[in-house]
Every structure is written in structure tokens, then in C-alpha cells.
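Here is how the chains run, residue by residue.
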Amino acid sequence: MTEPERRPTVAGTLMAHAPEETRVIGSRLATLLEPGDIVLLAGPLGAGKTELVKGVAEGLGVDEVVVSPTFTLAREYEGRLRLVHVDVYRLDTAQELLDLGLEDLADDGVMVVEWGDAVAGLLPPEHLEIAIDLADDESTRTLTFTPSGPSWGSRSAALGAVLGGG
Ligand SMILES: Nc1ncnc2c1ncn2[C@@H]1O[C@H](COP(=O)(O)OP(=O)(O)O)[C@@H](O)[C@H]1O
Ligand SMILES: [Mg+2]
């Protein structure tokens, strides 16, 4: 008898005790990113979403300085893979998001969307969501990883290694 396939909704959580730790998590995650990946970042203002993207950029070998795309909505960077960094915080309508043509932007690159949980319904269902929670102290964050879809299922061991720190 074969074991039923296990595909947990939550892959795991990580604590980051300083901005540098959040960036290291991002750069470790970058090692397993593939073209077409979508990473949705959830969490309140100041949670560390942009900090995490800076780490992803570092891990992808992006030389440019990553700045928050809050006013520009989307910025692109060249690395091992093209990084498309989107922040939908200021979007008023779903149409504005559709106008950005995100699906095309992300085709051959990796798209990371701040406030992505708010627009998940408008994006392809396969993605990795990372929710960042603030603790009571200034500098501790909890990152909860929730992968969806077959390509993340097949990378669950690699993701587990990132989450396990090993
Ligand atoms: N563990 C941590 N991880 C990420 N950021 C942290 C952490 N501790 C403190 N910070 C600070 O919190 C702020 C996060 O800002 P930012 O990444 O722009 O948040 P967001 O994009 O979610 O609004 C930064 O000023 C950063 O220095
Ligand atoms: Mg931000």
C-alpha cells in the first residue's frame, strides 16, 4: 500500500530576529526559485516584506539596490533570474493590477508581490505565500510559508531545507 501524498498547506515557519535574518531567509529562498514562480508576501506595513525581497534579490545575484516599489507598483531587476518586484498596496482597483500585465512580466522571471494575499484571486493559483507577523518586540518576525501547486509540491524537500536552516 502506498502512502497518500502529503502536501501540507503550511510548509513551516521561521523566526527572524533582525532585518539581516529576514534578508538571509530571502537569499536562501532565492536558491530554489525557478522561472515563472510567484511569491506572495502578506503582512502589515513595516513587517519586513521589502526586506525579504532585498534578500531574494541578493540571492539571485542582483547588483542593483532594491527599493520599495510602493509608488511605481513594479520594478524589475536582472539576476540569475529576472526579478519582478511588485507592491500592490496603492492599487485601488483590480483593473489597475490587470493593466500591469503581471502574468506576462513574470513569464521568464520570478515575481514577488507585496500585499500579494490581497490579489491572490487575480493571479495564477500556483504560488508560494509568505506571511510575516510582527511580534511584541521591535525586531522579531515570524515568517509562515504556504506553498500551493504541483511545482512547489515537487520542491517541498528543498523548501524544507530552507525552512530547516540546514
Ligand atoms: N526581523 C526583521 N525583519 C525585517 N525587518 C525588520 C526586522 N526587525 C526590524 N525590521 C525593520 O522593520 C522594517 C521593515 O520594513 P519593510 O521591509 O519596508 O516592511 P514592509 O515592506 O513590510 O512594509 C525595516 O525598517 C527593518 O529594519
Ligand atoms: Mg514594502
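Residues numbered from 1 in each chain as written. Chains lettered and ligands numbered in written order. Predicted model: local features only at pLDDT ≥ 70, side-chain atom pairs only at ≥ 80, totals over all residues.

### So, the site of ligand 1
Test applied: For each residue, a C-beta atom is positioned from the backbone; the residue is called near a molecule or strand if that atom sits within 6 Å of it. Elements are defined by DSSP. Helices are runs of H or I of four residues or more, strands are runs of E of two residues or more, and each kind is numbered from the N terminus. By the convention adopted, Pro, Cys, Tyr, Trp, Phe, Met, Ile, Leu, Val and Ala count as nonpolar, Lys, Arg, Asp and Glu as charged, and the other residues, Gly among them, as polar.
Around ligand 1, a shell composed of 18 residues is seen, among which Thr22, Gly48, Lys49, Thr50 and Glu51 lie nearest. Elements with a contribution of two residues or more to the shell around ligand 1: helix 1 (19-30) and helix 2 (49-59). Looking at the shell around ligand 1 residue by residue, the class counts come to 5 nonpolar, 8 polar and 5 charged.

### A closer look at the sheet that holds strand 5 (residues 109-114)
Which entries qualify depends on this criterion: One requirement defines pairing of two strands: DSSP has to find at least two bridges between them. Orientation is described by axes fitted as lines to C-alpha atoms, over the contacting stretch for helices, and by angles from 0 to 180 degrees between their N-to-C directions. Throughout, a pair of residues is in contact if the C-beta atoms placed from their backbones lie within 7 Å.
The 7 strands lie next to each other as 1-7-6-2-5-4-3, forming an open sheet whose pairing is mixed. Two strands lie at the open edges of the sheet, namely strand 1 (12-16) and strand 3 (74-77), each paired on one side alone. Between one strand and the next, the sheet's axes are offset by a mean angle of 20 degrees, whatever the strand orientation. In the packing of helix 2 onto the sheet, the strands contacted are strand 2 (38-42), strand 3, strand 4 (82-87), strand 5 and strand 6 (127-134), and the crossing angle to strand 5 comes to about 165 degrees.

### Some words on helix 2
The periodicity of an α-helix, 3.6 residues per turn, causes residues three or four positions apart to be oriented the same way. Test applied: Any residue surrounded by 20 or more other C-beta atoms within 10 Å of its C-beta is treated as buried, while 12 or fewer makes it exposed and the intermediate range makes it partly exposed; C-beta atoms here are placed from the backbone.
Burial within helix 2 is extensive, with 10 of its 11 residues counted as buried. Within the span of helix 2, buried status applies to Lys49, Thr50, Glu51, Leu52, Val53, Lys54, Gly55, Val56, Ala57 and Gly59. Contacts made by the buried residues of helix 2 are with helix 1, strand 2, strand 3, strand 4, strand 5 and strand 6. The positive-phi residue at the C-terminal boundary of helix 2 is Gly61, with phi of around 80 degrees.

### Thoughts on the pairing of strand 6
Examined bridge by bridge, strand 2 and strand 6 share 4 bridges and lie parallel to one another. What sits directly across from Val39, in strand 6, is Leu128. Bridge count for strand 6 against strand 7 (residues 141-148) is 8 bridges, and the pairing is antiparallel. Paired with Ala131 across the bridge in strand 7 is Thr144.

### Quick notes on the nonpolar core
Considering soluble globular proteins, one finds that nonpolar side chains tend to be buried as a cluster. Just so we agree on the cut-off: Think of a nonpolar core as buried Ala, Val, Leu, Ile, Met, Phe, Trp, Tyr and Cys residues, each tied to the set through C-beta atoms within 7 Å.
Counting residues in each nonpolar core, the largest one holds 38 residues, and the members touching the most others are Leu41, Val56, Ala57, Leu83, Met111, Val112 and Ile130. Those elements giving two or more residues to this core turn out to be helix 1, strand 2, helix 2, strand 4, strand 5, strand 6 and strand 7. At 5 residues, the largest contribution of residues to this core is made by strand 2. When sequence neighbours within four positions are dropped, the list of residues in contact with Ala57 reads Val62, Val66, Tyr77, Gly79 and Leu83.

Function-wise, these values are silent; they only describe arrangement.
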